[in-house]
Amino acid sequence: MKKTTLSAFARRKREGERIVMVTAYDAPTAAAAADAGIDILLVGDSLGPTVLGYPNTLPVTMEQMLSHAAAVRRGAPDAFVIFDMPFMSYQESREKALRNAGRALKETGCDAVKLEGGAEQAALVAALVGSGIPVMAHTGLLPQHVQAMGGYHIQGRTPEAAEQLLAGARDLEQAGAFSLVLECIPAELGARITEALRIPTIGIGSGAGCSGQVQVMNDLLGIFEATPKHARRYAEVGRIMREALSAYASEVRSGVFPDEAHSFH
Ligand code: KIV
């Protein structure tokens, strides 16, 4: 896998070449995604609900993210890997945000960080970029605001909300973000924001008009029973795991496993 560079992302947008991003949380799935030719691996704070069993992303800590991001880097040494800044690792103060984003790059070997928010985060994005930390911004539905939003709802449906998201996207570009995730906004607005910016947009539930797409690994692989509307199940890994584990349990109980071929003498 040839590592994608920051300048390549801008070129790919100009040339209309779509960018593919997927979340990864451990070494073997990161290696599989790299082998599959995925352009960007995002160590998302969706780590909370997908891997750690939390109801949402809020409890995820810097230490957990650092550990999983380092594993992803070990599994995919040549991939472009983005570290998702967890809740309260960058909101409290600029100093804390710089320290944590610096740790993300220094301690895990990730290539960039991602953080959630619109215009209100533009000054922080400029400070991080000014310190040499590439930033992917994230606007639209902000999972770290789930308590404030009272759930996960499509954003930007009214003309005022759409204008606000567009203005925020422009501010984030101006601040130096190299790319922008658009989460769960109407497809028309996704296309409009994409056309208004020079940097690539990466959509999740925001239509085909974005410069690229991101999905959560567990949704694509069909690990959970429920699948969000914006995701397609490309496999039924959850079912395959259950079948394999129940075959193993039944062979141990019946004495079929281990057999001679799996024994040492
Ligand atoms: O944490 C995550 O998985 C994300 C994606 C939904 C973009 O931020």
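Residues numbered from 1 in each chain as written. Predicted model: local features only at pLDDT ≥ 70, side-chain atom pairs only at ≥ 80, totals over all residues. Heavy atoms only, no water.

Asker: I tried to follow the packing of helix H5 (residues 94-108) against helix H6 (residues 122-130) on my own but got confused; where do I start?
Answerer: Geometrically, a packed helix pair is captured by the angle between its two axes and the distance between the axes. Contact pair H5 / H6: the axes reach a minimum separation of 10 Å and the direction vectors enclose 45°. Taken together, the axes of H5 and H6 lie oblique to each other. Between H5 and H6 lies a crossing whose hand is right-handed. Here Arg-94, Ala-97, Leu-98 and Ala-101 of H5 come into contact with H6, specifically with Ala-123, Leu-124, Ala-127 and Leu-128. When its residues are assigned to classes, the contact of H5 with H6 shows seven nonpolar, no polar and one charged. (Axes fitted to C-alpha atoms, helices over the stretch in contact; angles between N-to-C directions. Helix = DSSP H or I, 4+ residues; strand = E, 2+ residues; numbered from the N terminus. Parallel < 35°, antiparallel > 145°, perpendicular 65-115°, else oblique. Left-handed = near helix turned anticlockwise from the far one by under 90°. Contact = heavy atoms within 4.5 Å. Nonpolar A, V, L, I, M, F, W, Y, C, P; charged D, E, K, R; others polar.)

Asker: So what exactly am I meant to see when it comes to the pattern of salt bridges here?
Answerer: Two side chains carrying opposite charge are able to pair once their charged atoms lie near each other. Tallied over the entire structure, the rule returns 13 salt bridges. For Asp-84, the salt bridge goes to Lys-114, with nearest N and O atoms at 3.0 Å. A residue pair is termed long-range when its members are at least 10 positions apart, and Asp-84 in strand E3 (residues 80-84) and Lys-114 in strand E4 (residues 112-116) qualify at 30 residues. Accessibility classification places Asp-84 together with Lys-114 in one group, the buried group. A salt bridge links Arg-192 to Glu-163; the nearest nitrogen and oxygen atoms lie 2.8 Å apart. Taken as a pair, Arg-192 in helix H9 (residues 187-196) and Glu-163 in helix H8 (residues 159-175) lie far apart in primary sequence, 29 residues in all. Overall, Arg-192 belongs to the partly exposed group, its relative accessible area being 36%. (Salt bridge = Lys/Arg side-chain N within 4 Å of Asp/Glu carboxyl O. Buried < 20%, exposed > 50% of the residue type's maximum accessible area, 1.4 Å probe, protein only.)

Asker: Honestly, the site of the ligand in this entry has me stumped. Any pointers?
Answerer: Looking at the ligand, the residues that line it are Thr-23, Leu-42, Gly-44, Asp-45, Ser-46, Asp-84, Lys-114, His-138, Glu-183, Ile-204, Val-214 and Val-216. Ser-46 places a side-chain nitrogen or oxygen 2.5 Å from an oxygen atom of the ligand. In this structure, an oxygen atom belonging to the ligand sits 2.9 Å away from a side-chain N or O atom of Lys-114. Here the ligand, which alone exposes 260 Å², has 96% of that area covered by the protein. (Near = heavy atom within 4 Å. Polar contact = N/O pair within 3.5 Å; in protein donor to acceptor, adjacent residues only side chain to side chain. Areas by Shrake-Rupley, 256 points an atom, 1.4 Å probe, with all protein chains shown as cover.)

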